[in-house]
Amino acid sequence: MSATYELHGDVAVITLNNPPVNGLGHATRSGVVEGLAKAHADATVKAVVITGAGKAFSGGADIREFNTPKASAKPDLHDVNTALDNATKPVVAAIHSVAMGGGLELALSCNYRVVAPGAQIALPEVKLGILPGAGGTQRLPRVLGVETSLNMIVSGEPAKSEALAKAAGQKLFDRVIEGDLLQGALAFAREVAAAKPLPRVRDLKTPPPASADIFETTRAALKTKARGFPAPLRCVDAVEAALNKGFDDGIEFERQQFEFLVGTNESKALRHAFFGERTASKLPDVPEDTPLRKIEKVAVIGAGTMGGGISMNFLNAGIPVTILETKQEFLDRGLGVLRKNYEAQVAKGKLKQEVLDKRLALLTSTLDYAAIADADLVIEAVYEDIAVKEQVFKKLDEVVRQGAILASNTSTLDVDKIASFTKRPQDVVGLHFFSPANVMRLLEVVRGKATAKDVMATVMNVAKKIKKVAVVSGVCDGFIGNRMLEQYTRQAGFLLEEGASPQQVDKAAEAFGFAMGPFRVGDLAGNDVGWYIRKRRYTEKPNLRYTKIGDVVCERGRFGQKTGKGWYDYEAGKREPIPSAEVQQIIEDERKARGITPRQISDEEIVGRLVFSMVNEGAKILEEGIALRASDIDMVYLTGYGFPLFRGGPMFHADTTGLAKVVALMKDYQKNPNDDTAFWEPAPLLAKLAAEGKTFN
Ligand SMILES: NC(=O)c1ccc[n+]([C@@H]2O[C@H](COP(=O)([O-])OP(=O)(O)OC[C@H]3O[C@@H](n4cnc5c(N)ncnc54)[C@H](O)[C@@H]3O)[C@@H](O)[C@H]2O)c1
């Protein structure tokens, strides 16, 4: 039983007890219904208190039951709420720490609610692309009014109990209890034991909002903010129903919206991402109870773009960092940038000065390896040059204590080779941060062939501490993210040769949901970065064709916004991309040289080739075991590459499209003589899944 029943004199106490956050799984729901029945059958019981054991009142649905029959098994949450509605003895919810989703809906069905200060109150369902489906959209407006509840339901963000309790006219909380919550709740229950009639939220009327057009203004604001997601607008509709419809009609309306939203691809994508993030941290061959190495001191080698950002992650988490450089001036420059980044946050009011001071107090710098000899984790972020990496790792091997983890932030080099520079390859791992490293959530953890299991367990744990989404990749050129991106970029180039313009390609990609199309991204990041890598590719992989257009664009000094021109022209000081006549000429010259008559290319073909090229490479990455699961690939793209969240990542998008259709499209693309026809041969795994009518996920 995950809810217990106990008598405290004339008050029955039902305690939700389903660690870690008292999720309302089937056993817990049954426990509440049975407890209520018992309390009603016992003539000595005058009132009931429902409370939560441990860390929460209740965090809502039990996510472990998602997609299992138990999730909807009777009694469901509606049945629990109905039992509460029908109670003839007063029921008091005693809330502490967390009341979210179904947990809050349950509390709203009780006659009274008492609360401890500091509790987080939320209806976060919108974050999974749905809405509160157990009365939340109808009950919350009745106790908090339209403005506050609309804001909470549409954003899904938590509010603090003490702030809500202070709001004028609120009926969410009947009392704030400082001190022992259960004792306070018992005393309150005895005070109201004889109340008649029992107050019920369902019997209240939603107070009209101060401004009648609040629903319209919220909808207008959501047009851009909720792009691609239907749930926030449906939340607005549901709250409006709480104002305009009677309770039972409102509940019926909420149910219809809920059922619609659960079936949408957008909600499926959000749930995929939610579970994908949790799954990514699990390694099948590394047991959850693997002892972790202690990480109390971090050293970062190199104070460049990445070194500074990487250091900030650890300082933010309260972990001391020492940065090592080759020259004092490089240290000064790097630390100056880091300080400026923090000061900008202070100026914007995002960070308090005293917090900044605390963080900077954890930072030291050095030119001497002896100063990092006792580090627990060293992260190298020096130039992307194997000779420099060799020099650094040999030195680390000499100086740093045994048992420390030695990590490289390399984007393209072979982590096994880097490990071989040391006599402790088992302690070496890739930690591939993304720029800006203090902002981007993705961390590709590159597992070398010798990397020890406890090193993997430790870095996955550290990733959580610094709030990264860690995805494990095997060693290969480009790891998961950049290896797939290479195909996307190549396709973008072929599309130019065949008749598209940079602006058409970008527009199509942006309409699909990318924040920026490939050419705008190039201009922002610097076209020279890719050019540099391509030049190496031309010798390493002579058969891998790239359009020459990008090279000519770089030869003309068109590196992007930093040089004032790239794939687009820019007016001084502005970031608005303006179509470039020079680039158009470069494209036309290349078409001529290849003997191509340009054709009209549909946006559908553009997006198909951009995205399904990544999917085909992703299938190979899965087959080779470089990625452990399709959802890991999706997490890389959602958290590191701006792939539209409402599409759930490239592999999920392929699943949604239907793999048979994806294969048919690839066969079509294969007929195009300008394209890389060999590449478009569907990867064996993809072909097999498509033939069997299966999906990646
Ligand atoms: N910039 C990115 O977007 C990005 C993203 C992911 C990974 N990376 C990888 O991160 C690493 C660093 O890239 P970056 O962009 O920060 O480069 P950067 O040029 O900005 O910084 C490199 C720093 O390393 C220092 N350095 C060079 N040799 C050193 C040595 N022997 N000992 C100590 N310090 C030394 C340099 O003085 C410089 O400050 C590279 O491996 C790169 O591939 C970069």
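Parameters at a glance
Residues numbered from 1 in each chain as written. Predicted model: local features only at pLDDT ≥ 70, side-chain atom pairs only at ≥ 80, totals over all residues. Heavy atoms only, no water. Near = heavy atom within 4 Å. Polar contact = N/O pair within 3.5 Å; in protein donor to acceptor, adjacent residues only side chain to side chain. Areas by Shrake-Rupley, 256 points an atom, 1.4 Å probe, with all protein chains shown as cover. Nonpolar A, V, L, I, M, F, W, Y, C, P; charged D, E, K, R; others polar. Pairing = 2+ DSSP bridges. Helix = DSSP H or I, 4+ residues; strand = E, 2+ residues; numbered from the N terminus. Axes fitted to C-alpha atoms, helices over the stretch in contact; angles between N-to-C directions. Contact = heavy atoms within 4.5 Å. Buried < 20%, exposed > 50% of the residue type's maximum accessible area, 1.4 Å probe, protein only. Core = buried A, V, L, I, M, F, W, Y, C linked by side-chain atoms within 4.5 Å. Domains from an automatic or database assignment. Parallel < 35°, antiparallel > 145°, perpendicular 65-115°, else oblique. Left-handed = near helix turned anticlockwise from the far one by under 90°. Phe/Tyr/Trp six-rings, centres within 6.5 Å; stacked < 30°, edge-to-face > 60°. Salt bridge = Lys/Arg side-chain N within 4 Å of Asp/Glu carboxyl O. Arc of directions from axis to C-beta.

Visitor: Can you help me understand the site of the ligand in this one?
Guide: By nearness alone, 23 residues border the ligand, and M306, E325, E384, K389 and S411 come closest of all. Here an oxygen atom of the ligand and a backbone polar atom of T305 are 3.0 Å apart. Note that an oxygen atom of the ligand is positioned 2.7 Å from one of the side-chain N or O atoms of K389. Considered on its own, the ligand offers 830 Å² of accessible surface; in the complex 82% of this is hidden by protein. Here the shell around the ligand is composed, by residue class, of ten nonpolar, nine polar and four charged.

Visitor: Before we go on, may I ask you to explain the sheet that holds strand β16 (residues 442-446) in this structure?
Guide: In a beta sheet, neighbouring strands pair by backbone hydrogen bonds and run either parallel or antiparallel. Taken in spatial order, the eight strands line up as β12-β11-β10-β13-β14-β15-β16-β17 in an open sheet, and their pairing is mixed. Looking at which strands have only one partner, the edges of the open sheet turn out to be β12 (363-366) and β17 (469-473). Averaged over all adjacent pairs, the angle separating strand axes in this sheet is 25 degrees, with direction ignored. Taken together, the four bridges between strand β10 (residues 298-301) and strand β11 (residues 321-324) define a ladder with parallel strand orientation. The residue of β11 that forms the bridge with V300 is I323. Sitting on the sheet, helix α12 (residues 328-347) touches β11 and β12, and the angle it makes with β12 is about 160 degrees.

Visitor: Whenever I open this one, the sheet that holds strand β3 (residues 47-52) confuses me. Can you help?
Guide: Pairing is mixed across the open sheet formed by six strands, whose spatial order is β1-β2-β3-β4-β6-β9. The open sheet has two edge strands, β1 (3-8) and β9 (175-176), and neither has a second partner. Of the strand pairs in this sheet, strand β6 (residues 112-115) and β9 are connected by two bridges, and their pairing is parallel. Across the sheet, the residue bridging to V115 is V176, located in β9.

Visitor: I'm lost on helix α6 (residues 181-191) in this one. Help?
Guide: At 3.6 residues per turn, the α-helix brings residues three or four places apart onto the same side. What α6 keeps buried is the set L181, G184, A185, L186, F188 and A189. Buried residues belonging to α6 abut β1, β2 (11-16), β3, β4 (91-95), β6 and β9. For α6, the N-terminal cap is D180; the gap from its side-chain oxygen to the backbone nitrogen of L182 is 3.0 Å.

Visitor: Sorry, what's going on with the nonpolar core here?
Guide: Here is a general trend for soluble globular proteins: nonpolar side chains tend to be buried in one another's company. Formed by 64 residues in total, the largest nonpolar core has its most connected members in I480, F612, L686 and F696. For this core, the element with the most residues is helix α23 (residues 603-623), which contributes ten residues. Mapping this core onto the domain boundaries places at least three of its residues in each of domain 2 (298-475) and domain 3 (481-691). Apart from residues lying up to four places away in sequence, F696 is in contact with V615, A619, L622, A630, M651, A654, D655, L659, L685, L686 and L689. Counting 57 residues, the second-largest nonpolar core is a separate cluster that includes A12, L84, L131 and V239.

Visitor: Help me understand the packing of helix α17 (residues 479-498) against α23 in this model?
Guide: As a packed pair, α17 and α23 sit with axes 8 Å apart at the nearest point and diverge in direction by 150 degrees. Taken as axis vectors, α17 and α23 run roughly antiparallel relative to one another. The interaxial crossing formed by α17 with α23 has right-handed handedness. Contacts from F479, I480, R483, M484, Q487, Y488, Q491, A492, F494, L495 and E498 of α17 reach α23 at E605, I606, R609, L610, S613, M614, E617, G618, K620 and I621.

Visitor: Looking at this structure, how should I read the side chain of S408?
Guide: Turning to its location among the elements, S408 is positioned in strand β14 (residues 405-408). The class of S408 is buried, set by a relative accessible area of 1%. In this structure the side chain of S408 is engaged in a polar contact, spanning 2.5 Å, whose partner is the side chain of E380. Reaching out from S408, the side chain makes a polar contact with the backbone nitrogen of T410 at a distance of 3.1 Å. Once you skip the residues sitting within four places of it in the chain, S408 turns out to touch E380, K389, F393, I418, V429, G430, L431 and H432.

Visitor: How do you make sense of the packing of α17 against helix α22 (residues 581-594) when you look at a structure like this?
Guide: Taken N-terminus to C-terminus, the directions of α17 and α22 make an angle of 80 degrees; their axes are 8 Å apart at the nearest point. One way to sum up the angle between α17 and α22 is to call them roughly perpendicular. Here L496, E497 and E498 of α17 lie close against α22, whose contacting residues are I587, E590, R591 and R594. Here the residues of the contact of α17 with α22 sort into two nonpolar, no polar and five charged.

Visitor: Teacher, can you tell me more about the packing of aromatic side chains here?
Guide: Aromatic rings in a pair are described by how distant their centres are and how their planes are angled relative to each other. Under the defined criterion, the tally for this structure stands at 14 aromatic pairs. Summarising the aromatic geometry, the rings of Y112 and F188 are spaced 5.4 Å apart at their centres and angled 75 degrees between planes, so their arrangement reads as edge-to-face. Here Y112, found in strand β6, pairs with F188, found in helix α6; they are 76 residues apart in sequence, far enough to count as distant. As far as the burial class goes, Y112 and F188 line up, both buried. Aromatic side chains Y488 and F514 sit 5.6 Å apart centroid to centroid with 55 degrees between the ring planes, which places their arrangement in the tilted category. Here Y488, found in helix α17, pairs with F514, found in the loop between α18 (502-512) and α19 (518-525); they are 26 residues apart in sequence, far enough to count as distant.

Visitor: Is there a simple way to think about the pattern of salt bridges in this case?
Guide: Pairing between side chains becomes possible if they bear opposite charge and their charged atoms approach one another. Taken as a whole and judged by the stated rule, the model has 56 salt bridges. The closest approach of N and O atoms between D85 and R139, which form a salt bridge, is 2.9 Å. Residue D85 is found in helix α2 (residues 77-85), and its partner R139 is found in helix α4 (residues 136-155); the two are separated by 54 residues along the sequence. Residue D85 is classed as buried on the basis of its relative accessible area of 10%. Overlapping salt bridges bring together D477, E486, R536, R537, E540 and K541 as one network.

Visitor: Before we go on, may I ask you to explain α2 in this structure?
Guide: Among all positions in α2, only L77, V80, N81, L84 and D85 are buried. Looking down the long axis of α2, one finds its buried residues gathered within 140 degrees of arc, a one-sided arrangement. Along its buried surface, α2 packs onto α1 (26-41), β3, β4, α3 (102-108) and α4.

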